[in-house]
Amino acid sequence: MGSSSDKKRKSAEDATSQTKKKKTDTEKSSKSPKFINVGAVKRPQYAPPVVAATSGLALSSSIQFQAYATPADKTTKRKKNGAPAQELLLHSANHRTMDYTAREDRTGDSSEPFLKHYIGIFNPKTSEVEIVEARKTVLRGTVRTQKAMDEAMEEKTQKQQMMAMRNELGEAFGTKKAKKAIRDVTENAITSQKVGQSELVMMDSIKTATKDMSTKEDLQAAVDNARPVPRANLEAKEIADVYVPAQIIGSEVLNAIPVMDWQESVKNLEDIQVPSRFVAKRVSNVASSDDAVHRLRVLRYLLFVIIFWNATSQGRERGTRSIGKRDKLRELMAPAPEMVIENIRRKFSDGGVMRKTHVDLLMTHCCAFAAIIDGFKVNTLDLREDLKLEQKQLNQYFIEIGARVKQQKIADKMENFAVLALPLQFPKIRLPARKR
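Values in this document were obtained by computation on a predicted structure and should not be read as measured data.

Chemist: Please explain the pattern of salt bridges as it appears in this structure.
Modeler: Pairing between side chains becomes possible if they bear opposite charge and their charged atoms approach one another. According to the stated counting rule, one finds 15 salt bridges in the structure shown. Residue Arg330 pairs with Asp327 through a salt bridge whose shortest N-O separation is 2.8 Å. Note that Arg330 and Asp327 are positioned in helix α13 (residues 326-332) at a spacing of 3 residues, about one turn of the helix. Three or more residues are tied together by salt bridges with common partners; here these are Arg277, Lys281, Arg282, Asp374 and Asp382.

This is the structure in structure tokens:
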């Protein structure tokens, strides 16, 4: 017989070996498969999985459905489109006051005949995904009619009996359109006797499903935040404080814009040649006004933006513009500092491409700068010619920054004026009209 120390040593060795074995098994089981095999696609004819659209209903997970298979209409094109020969219907009467019916969505049979739905089932043991074709259904709920008394059933009028018989004949021998009309009337009709608790249940179901929907004010705020316009101070009490150039452009970039040459030319009564009608007609008046240096910098930044826009060309993708090369921009925008050129490139393009959002942002910036230069009442003719836009397009850009566009008669000619005044009027979203 062995001593007690030998027995203790043997039991300790057995425990250590069992611990190592468990650790090895755990490490092997924790390793995730490197490859996932996709098995064959199954198309079950009986008891297939179902993808159901709830159509705004808040359905409890405890609701159980009974499946039914009905022969498809002979007039349909289900077989030609590759659809199953039988139509699937799910019904549930578990709820105390609601009946739920899920029918196959057959709207796609003609418009999207090849659209199918599949469900993937992953088996972690075999690392295989089983693909099973599913049926697409639409779920609708109806308030269950109160059970009528036997006496009430006996008092049915002859007209109601004839209508019931006509519906039965329509279901048996009617066309596809007639059958659909009968089913819609049966599923959606809520008689005047359905009052009290039944209607409250329906309203509670709709309230639960729509409680997280955005209000009109929320949608309007989201639209305003996503609108490609200059940064505006909507809490401003004065119109001059709404669009502040130092905040829109950046104070460092704005202060880097040279204007000394323009001031010298205006002082010496020399002509200033610029590729912009709007800037050329206003540079002398701006240079002679109060706070001339600040306003001249805003005017010259507007000139640089117009030159930048006119240097773009049609992009490879539809609706895009390609900006000019850096060397070309330096030449066209001289004497703009490199800081100013890069500021314009980064603000109004991405990767050398201007998309619709960049174009809209550039146009609304030009409208805001023009309003600042002209004292918030702009004759749009010169700016329209510089940006090569239609009058309707330019009017819309002014409306986007909160301006009002109106016509005014000047020297027997109607001119378009954009007026920026408080309170600003931004475009409102239009919700579809309610169906009656």
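Picking up where we left off.
Chemist: What exactly am I supposed to notice about the packing of aromatic side chains here?
Modeler: Aromatic rings in a pair are described by how distant their centres are and how their planes are angled relative to each other. Per the counting criterion, the structure on display carries 1 aromatic pair. With a centroid separation of 5.6 Å and an interplanar angle of 85°, the aromatic rings of Tyr301 and Phe369 are classed as edge-to-face. A residue pair is termed long-range when its members are at least 10 positions apart, and Tyr301 in helix α12 (residues 292-310) and Phe369 in helix α15 (residues 356-373) qualify at 68 residues. When sorted by exposure, Tyr301 lands in the same class as Phe369, which is buried.

Chemist: Explanation requested: the environment of Pro44 in the structure shown.
Modeler: Here Pro44 shows up in the loop between β1 (37-42) and β2 (50-53). In the structure, Pro44 is positioned 88 residues away from Val132 in sequence and 7.6 Å away in space, judged by C-alpha atoms. Contact partners of Pro44, with chain neighbours within four places excluded, come to Pro49, Val132 and Glu133.

Chemist: Looking at this structure, how should I read the packing of α12 against α15?
Modeler: Between two packed helices, both the angle of their axes relative to each other and the distance between the axes serve to describe the pair. Packing of α12 against α15 leaves a shortest axis separation of 10 Å and a crossing angle of 150°. By the angle class used here, α12 and α15 are roughly antiparallel. As α12 packs across α15, the resulting crossing turns out to be left-handed. For the pair formed by α12 and α15, the contact residues are Arg295, Val298, Leu299, Tyr301, Leu302, Val305, Phe308 and Trp309 on the first element and Val359, Leu362, Met363, Cys366, Phe369, Ala370, Ile372 and Ile373 on the second.

Chemist: Is there a simple way to explain the packing of α12 against helix α14 (residues 338-348) in this structure?
Modeler: Relative orientation of the contacting elements α12 and α14 amounts to 60°, with a least axis distance of 11 Å. When the axes of α12 and α14 are compared, the pair comes out oblique. Helix-helix and strand crossings are classified by hand; for α12 and α14 the assignment is right-handed. Note on element contacts: α14 touches α12 through Val340, Asn343, Ile344, Arg345, Lys347 and Phe348, opposite Tyr301, Phe304, Val305 and Phe308.

What counts and what doesn't
- Residues numbered from 1 in each chain as written.
- Predicted model: local features only at pLDDT ≥ 70, side-chain atom pairs only at ≥ 80, totals over all residues.
- Heavy atoms only, no water.
- Salt bridge = Lys/Arg side-chain N within 4 Å of Asp/Glu carboxyl O.
- Helix = DSSP H or I, 4+ residues; strand = E, 2+ residues; numbered from the N terminus.
- Phe/Tyr/Trp six-rings, centres within 6.5 Å; stacked < 30°, edge-to-face > 60°.
- Buried < 20%, exposed > 50% of the residue type's maximum accessible area, 1.4 Å probe, protein only.
- Contact = heavy atoms within 4.5 Å.
- Axes fitted to C-alpha atoms, helices over the stretch in contact; angles between N-to-C directions.
- Parallel < 35°, antiparallel > 145°, perpendicular 65-115°, else oblique.
- Left-handed = near helix turned anticlockwise from the far one by under 90°.

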